[in-house]
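Residue-level listing of the chains:
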Amino acid sequence: MLDLDLSGLTVVVGATTGYQAVTATVAALANASHVVALTRISSRHPSLVAIADATLAFAKHAKVSERVEATNRIGSRKWQDVDLVTNCLQVGPISRSLIELLPSDAVVSLMAEPWELRPGVVDFDACDEAGIKVAAPNLSHPAINLLPEFARLCCILLGDAGVDPRAARLAIVCDTPCAPSLERTLRESGATVSVFSHPMLLTDDAWDVIVVAMRPSDKPPMNINSLGRIARNSRQALLVQFSGGIDRSAASYFGLRIWPLKRPTSGQLGLPLDVLGPAPMVRRVTGGLKAAEAAYRGAELGGDSSVGFLVRAGSATVGWEHA
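The following paragraphs examine the structure supplied in this document. Being a predicted model, the structure only gives us computed values, none of them experimental.

With an omega of 0 degrees, the peptide bond running from Trp259 to Pro260 counts as cis. You can see Pro260 is positioned in the loop between strand E11 (257-259) and helix H9 (278-297). In this model, Asn31 sits at a positive phi of 75 degrees, which is unusual for a non-glycine residue. For Asn31, the position within the fold is in the loop between helix H1 (23-29) and strand E2 (34-38). Of note in this structure, Met111 is not a glycine but carries a positive phi near 60 degrees. Position of Met111 among the secondary structure elements: in the loop between strand E5 (107-109) and helix H4 (124-130).

Now for the sheet that holds E2. In a beta sheet, neighbouring strands pair by backbone hydrogen bonds and run either parallel or antiparallel. Across the sheet, seven strands lie side by side as E3-E2-E1-E4-E5-E6-E12; this open sheet has mixed pairing. Pairing within the sheet leaves two strands with one partner each, and these edge strands are strand E3 (68-71) and strand E12 (308-310). Strand-to-strand twist in this sheet, taken as the mean axis angle between neighbours without regard to direction, amounts to 20 degrees. Relative to E3, E2 runs parallel, the two sharing four bridges. Along E3, the bridge assignment pairs Val35 with Val68.

Burial within strand E6 (residues 133-137) is extensive, with four of its five residues counted as buried. Relative to E6, E5 runs parallel, the two sharing three bridges. Along E6, the bridge assignment pairs Val107 with Lys133. Remark: the E5/H4/E6 crossover connection has right-handed handedness. Judged from the three bridges that link them, E6 and E12 form a sheet pairing that is antiparallel. Paired with Pro137 across the bridge in E12 is Gly308.

Glancing now at helix H7 (residues 224-234). Within H7 the residues assigned to the buried category are Ser226, Leu227, Gly228, Arg229, Ile230, Ala231 and Ser234. Considering only its buried residues, H7 is in contact with strand E9 (209-213), strand E10 (238-243) and helix H8 (248-253). One side-chain oxygen at the N-terminal end of H7 lies 3.2 Å from the backbone nitrogen of Asn225; it belongs to Asn223.

The next subject is the pattern of salt bridges. Summed over all chains, the structure comprises 12 salt bridges. Here Arg152 and Glu149 are joined by a salt bridge, their closest N and O atoms 2.5 Å apart. Of the two residues, Arg152 and Glu149 both sit in helix H5 (residues 147-160), three residues apart, roughly one turn of that helix. The exposure class of Arg152 is partly exposed, given its relative accessible area of 42%. In this structure, Arg229 and Asp204 form a salt bridge, with 3.0 Å as the shortest nitrogen-oxygen distance. A residue pair is termed long-range when its members are at least 10 positions apart, and Arg229 in helix H7 and Asp204 in the loop between strand E8 (192-196) and E9 qualify at 25 residues. Relative accessible area serves as the criterion here: at 17%, Arg229 is assigned to the buried category.

Reading the values: the criteria
Residues numbered from 1 in each chain as written. Predicted model: local features only at pLDDT ≥ 70, side-chain atom pairs only at ≥ 80, totals over all residues. Heavy atoms only, no water. Helix = DSSP H or I, 4+ residues; strand = E, 2+ residues; numbered from the N terminus. Pairing = 2+ DSSP bridges. Axes fitted to C-alpha atoms, helices over the stretch in contact; angles between N-to-C directions. Buried < 20%, exposed > 50% of the residue type's maximum accessible area, 1.4 Å probe, protein only. Right-handed = clockwise from strand over helix to strand, strands pointing away. Contact = heavy atoms within 4.5 Å. Polar contact = N/O pair within 3.5 Å; in protein donor to acceptor, adjacent residues only side chain to side chain. Salt bridge = Lys/Arg side-chain N within 4 Å of Asp/Glu carboxyl O.

Written out as structure tokens, the structure reads:
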């Protein structure tokens with residue numbers, strides 16, 4: 001168990017719908033003195049009232065709603081009272097201007113390993129200069145254990161695409177720690193699997209399915225050059241976008257098929273983690289908060305068995321840096 005303890009802390013999280021709406025309640029159940037759940041209107045969440053209601057419903061059910069506040073803004077001076085701030089869409093980019101409002105002992109919780117983040121979501125240089133710690137959970141920690149869940153999610157995505165893995169010659173293009181879990185799970189499903197760390201390393205076989213499981217990037221390596229090679233050798237292949245970007249205009253030009261049909265939001269998986277039920281999301285949320293708590297309390301972080309890592313400028317886009 002992670003034994004999350006946020007006693008006495010003020011925590012800023014995102015207010016949302018789905019199982020991720022439990023974040024504020026998890027923080028309050030861990031005895032945070034004040035949890036601010038920020039709301040933000042988006043195409044997915046067009047109603048501030050619905051977002052706040054979904055977030056507060058969990059808190060009311062857990063009888064901690066008196067310590068959870070749903071709001072659409074935090075005044076500049078109020079940020080000085082914040083101890084932990086989570087990286088989420090509702091907070092927006094954690095920019096230099098926001099970091100300058102935080103107290104020097106505040107901690108930014110990434111709520112994800114750095115390879116999952118789209119570029120620009122946190123100004124790591126500004127955090128380093130201000131002495132503010134940035135903590136990321138270790139998804140391989142036994143109490144979090146999300147990499148096998150990502151593999152399960154990928155299998156569901158393949159099923160949605162109509163792929164029978166038992167009859168598929170499948171290439172996985174993956175530069176993340178998910179590669180071993182993806183390969184193992186798909187092999188156990190009966191697929192013939194080969195793994196490549198970059199699309200330019202993809203061999204010239206006639207693949208049935210190519211799973212794209214890359215890190216988010218401003219310039220995705222699954223670009224016109226990579227797709228041109230695929231079109232020459234595996235024009236019939238189905239591209240399954242599990243993570244990372246694909247130049248969909250180039251894919252259309254070459255007549256390549258992509259699933260899902262709708263482009264995932266930058267930094268998001270091809271299917272939301274909610275598809276697997278509440279348990280994986282609760283473990284992600286609790287793990288992210290626990291890593292931040294440990295950083296705030298000055299506990300030692302780093303190493304394969306640690307609950308998390310400290311992330312510094314220069315290490316954020318390539319992985320994590322052990323503290």
